[in-house]
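# Working through the structure, step by step
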Amino acid sequence: MSAPDAPRMKIMEVCGTHTAAILRGGLRALLPPEVRLVSGPGCPVCVTSAGFIDGVIEWARREDAAIISFGDLFGVRGTHCSFAEARAAGCEFIPVYSPFEALKTARANPQKSYLLAAVGFETTVPLYALVLETIIQEKIPNLRLAVSVKTMPAALAFLGETEGIDGFLCPGHVSVIIGKDAYLPLSERFKKPFVIGGFEPDEVLTAIREIAAQLRQGVYAVKNLYPSVVSDAGNLRAKALIARYFEPADGVWRGIGMIPGSALAVRPAYAHYAIPITEADDAPPEGCGCAAVLTGRLSPDECPLFGGLCRPEDPVGACMVSNEGSCRIYYENR
């Protein structure tokens, strides 16, 4: 039992896969009342700005080119429409499961121009780097990239500064790439626990228990409880590949705005293999709570549109579109 005067603990599970494990496993019911879990911005589709969607659609219409992207990006609306709605109006969009499918498509149709809408976190950036490397090596002239990739440490720094999070359950898949040591400066700066955990229910509970124990003891540290796949330094080969083709840049996160140094841009030496898109975020639809959900200020089921006007088959906000979106996960596990 928890003591009646136990201090409240606001713990953020950053990754959408962790949110899914928590909801599907009914883990919230197992936690003491002082522990409050909130979701974070760990869904790459959910944080892709309206300006990026607008820019890709505008380029496709102007250049008579086909757009290639992950399928769950199709339902995310820009300022006026989504990829799916633009396709219904005549634009050509091709959904894929892997960015390498873009190479196959471009090779098979040399007379057609293609644009790969490259979104994601550190987990998928090495794949985009390999696509870019292949374009260069094979001299594929009809495939270019539109890049809107985000990096997690800068976003966690923003949340640690502004949102009153007491501890972080770090994103497991991203941690495979960036490694445990990437969180050391954040833990030291904010004096808060950063814990890396796996995705099985017992692994998630163990990570939450570690965070809560640190908070109760008044200490802070970075702990790697997922050592089978996460190392201290991360995946050095993947990090080198990212550094070869990309450099840090400021990034616009949907509903959050500009976070300095939170994105990656193609290095100037390779800029002609990408198209520039000026990202800007538009005001969310009236009543949509996605911005508050992504920053842990609101639980998805506290949004007034949740489950009514906003459902997976007719989403209002980006968090209901993707399988990794918190609202979609809450809706499917009610």
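Sequence order as written defines the numbering, with residues in each chain counted from 1. Confidence filtering applies because this is a predicted model: local features only for residues at pLDDT of at least 70, side-chain atom pairs given and counted only at 80 or more, and all residues used for totals across whole chains, interfaces and linings. Water and hydrogen atoms play no part in the side-chain values, which are based on all heavy atoms of the structure.

What follows concerns helix α4 (residues 100-108). One full turn of an α-helix is made of 3.6 residues, so residues set three or four places apart face in the same direction. Each residue is assigned to one of three classes by its accessible area relative to the maximum for its type, calculated with a 1.4 Å probe on protein chains only: buried under 20%, partly exposed between the two thresholds, exposed over 50%. Numbering of helices and strands runs from the N terminus; a helix is a DSSP stretch of H or I covering at least four residues, while a strand is a stretch of E covering at least two. Among the residues of α4, A102, L103, T105 and A106 are the ones counted as buried. Looking straight down α4, one finds that the buried residues subtend no more than 165° of arc, so they occupy a single side. Every exposed residue of α4 that faces more than 90 degrees away from the buried side is listed here: K104 and A108. Here the buried face of α4 lies against β3 (66-70), β4 (93-96), β5 (114-120), α5 (125-138) and β6 (143-150). As used here, the arc belongs to the directions running from the helix axis to the C-beta atoms. Pairs of residues are marked as contacts when any of their non-hydrogen atoms sit within 4.5 Å.

So, on to the sheet that holds β3. The mixed open sheet is built from six strands, whose spatial order is β4-β3-β5-β6-β11-β10. Where the open sheet ends on each side, the last strands, each with one partner, are β4 and β10 (246-253). When strand polarity is set aside, the average angle formed by the axes of neighbouring strands in this sheet is 25°. Any two strands are treated as partners once DSSP identifies two or more bridges connecting them. For β5 and β6, the ladder comprises seven bridges, and the chain directions are parallel. All axes here are fitted lines through C-alpha atoms, helices being fitted over the stretch that makes contact, and every angle between N-to-C directions spans 0 to 180 degrees.

This paragraph deals with the nonpolar core. Among the buried residues, those of types Ala, Val, Leu, Ile, Met, Phe, Trp, Tyr and Cys that are joined through side-chain atoms within 4.5 Å form a nonpolar core. In this structure, I67, F83, L143, L156, Y183 and F246 are the most contacted members of the largest nonpolar core, which totals 115 residues. Residue contacts for I67: discarding those within four places in its chain leaves V56, W59, A60, F83, E92, F93, I94, L115 and A117.

Note on ring pairs: Phe, Tyr and Trp rings are taken, using the six-membered ring of Trp, and paired if centres are within 6.5 Å. Classes follow the plane angle, with under 30 degrees stacked, over 60 edge-to-face and the rest tilted. All told, the structure shown has nine aromatic pairs when counted by the stated rule. Seen in terms of ring centroids, F121 and W253 are 6.0 Å apart; in terms of plane orientation they differ by 25°. Their pairing is stacked. Residue F121 is located in the loop between β5 and α5, and its partner W253 is located in strand β10; the two are separated by 132 residues in the primary sequence. The class of F121 is buried, set by a relative accessible area of 6%. Centre to centre, the rings of Y245 and Y270 are 4.9 Å apart; their planes meet at 55°, and the pair counts as tilted. Here Y270 lies in the loop between β11 (257-266) and α11 (290-294) and Y245 lies in helix α10 (residues 236-245), a separation of 25 residues in the sequence. Overall, the relative accessible area of 23% leaves Y270 in the partly exposed class. Aromatic rings pair up to connect F74, F83 and F93 into one cluster.

On to the state of the cysteines, then. The definition used for a disulfide is geometric: two cysteine sulfur atoms within 2.5 Å. Under the definition given, this model contains one disulfide. Across the disulfide from C43 sits C46; the S-S distance is 2.4 Å. Taking the sign of the S-S torsion, 70° for the link of C43 and C46, the bridge is right-handed. Each of the two residues, C43 as well as C46, counts as buried. Between C310, a cysteine without a disulfide, and C327, which holds the nearest cysteine sulfur, the sulfur-to-sulfur distance is 6.2 Å. Taking relative accessible area as the criterion, C310 reaches 8% and is therefore assigned buried. Looking at the unpaired C327, the closest cysteine sulfur is the one in C319, lying at 4.7 Å. By relative accessible area, C327 is classed as buried at 7%.

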